[in-house]
Amino acid sequence: MKSCIKSHDKLALNRGSPTFYRRCFAIIMSFTKNLYTILEKFNLSDNDRRAYTDDAVEIQNCVIEKLKSADATFCQIFDGLSLFGSYLDRVKLVTPDEFDLLMKLKLPFPITPVKCGDGFVSLNGNIRSCLFAGPDGFVRRNILQKWLRGVFKKVFSKPLHFRAISGQVYTVNSSTTASLPGCAHNIEAVSAGRTISFDMVPAFEFSWPQWPFDETPVPPEIREYWPWFAIPQKMPKSKSKLSFMTCAPHWEREMMRNSHNFRNVLRLMKGLRDGSADGMPHLSSYMLKTVMLHRLKNVDWKKDLGLLLLEMWCHLLDHLRCGRLEFFLASRHNILSHLKSGDANQCRDTALALMVKLKNAKDSASYTDLANCFKI
């Protein structure tokens, strides 16, 4: 505790003295006040936010209509878009210029999700004549994605030009190639005034009765009302072309609801990560959220914001040190296994350095020291 006070302050060195407790309380309150100032930096006015979101809706609708016109099968099985990620969770920082969208597909016959790994399913269509199914009737992830890349290639053989109602003129391109990691099809719209990007992830929607696993940490009143999805994702250490990863963004959003400082802490953790992005390669927002979701029921989220941030960042560091972070929906699936060894070590070292800086910023009660942690 000596770092919290001046060494010559004899009264403060007495840990039982009222002066000591008043000094420590004042330091914590200053740290928390500075964190709220940082949060304000991440905010955007409603008018500025609407300028982006209105254009984004127009652009995504234009792209979907082009895809439907380019391919009869896509027109037949496209079943709508669903937000996921930071924008759905309401933890997007500053400019709302990146949107994660589930591109829902509904085949013209029933699909049964079958457990094939921890957090992974295969999709049994019980039909052999489907474009995406093999002789066994199961949907092939690689065939589905190859077909979708072909549809996007038809539409984006050359850049699209789109004028929004706002007057912004966008050049729209797609970078959906087989060499890209992950399962998203990427769209970027660039105008003279702004850039808006979209990650469109193909997904199959299911209800709770179709959940093929024995248990879930999600309460019945949420899981029985909101859907879950299967997205084309390779299962770690598997060569199977049948695996689809489960995700339930609405389950997670509803669990976060009314949890007081949860979202503020997550936004601050994202801000720390973004400020040191070069030193935390491939550490996703979902990984940060997962650290916190595991503690959702065991933490008093009404506690002081500064103490909560330090506590959650410490948990993140612990996960990076041991190299394990359990998938929220399936505890045996380690989502840190997606990080290469060198990237994981770099994330760990950067997280440790940031923890030291955060503690120093708390002890100094300096806004400048804290702002430097976030690089703002």
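Residues numbered from 1 in each chain as written. Predicted model: local features only at pLDDT ≥ 70, side-chain atom pairs only at ≥ 80, totals over all residues. Heavy atoms only, no water.

Another point: helix α12 (residues 341-364). Across its 24 residues, α12 extends 35 Å between first and last C-alpha, which sits within 8% of the 34 Å expected from 1.5 Å per residue. For α12, the complete set of buried residues consists of Asp343, Ala344, Cys347, Thr350, Ala351, Leu354, Met355, Leu358, Ala361, Lys362 and Asp363. (Helix = DSSP H or I, 4+ residues; strand = E, 2+ residues; numbered from the N terminus. Expected span 1.5 Å × (residues − 1). Buried < 20%, exposed > 50% of the residue type's maximum accessible area, 1.4 Å probe, protein only.)

Okay, the pattern of salt bridges next. For the structure shown, the criterion picks out 15 salt bridges. Close ionic contact of Asp274 with Arg273 constitutes a salt bridge, the shortest N to O distance being 2.6 Å. The residue Arg348 makes a salt bridge to Asp349 at a minimum N-O spacing of 3.1 Å. You can call Arg348 partly exposed: its relative accessible area is 26%. When salt bridges with common partners are traced through the structure, they connect Asp89, Glu252 and Lys289 into a single cluster. (Salt bridge = Lys/Arg side-chain N within 4 Å of Asp/Glu carboxyl O.)

Within this structure, the stated rule accounts for 17 aromatic pairs. Aromatic side chains Trp211 and Trp228 sit 5.0 Å apart centroid to centroid with 90° between the ring planes, which places their arrangement in the edge-to-face category. Linking Trp211 in the loop between β8 (195-206) and α7 (220-223) with Trp228 in strand β9 (residues 228-232), this pair joins segments that are 17 residues apart in sequence. For Trp211, a relative accessible area of 7% puts it in the buried group. Counting every residue linked through ring pairs, the aromatic cluster contains Phe206, Trp208, Trp211, Phe213, Trp228 and Trp251. Across the ring face of Tyr52, the terminal group of Arg194 is positioned such that the distance to the ring centre comes to 4.8 Å. (Phe/Tyr/Trp six-rings, centres within 6.5 Å; stacked < 30°, edge-to-face > 60°. Lys NZ or Arg CZ within 6 Å of the ring centre and 35° of its normal.)

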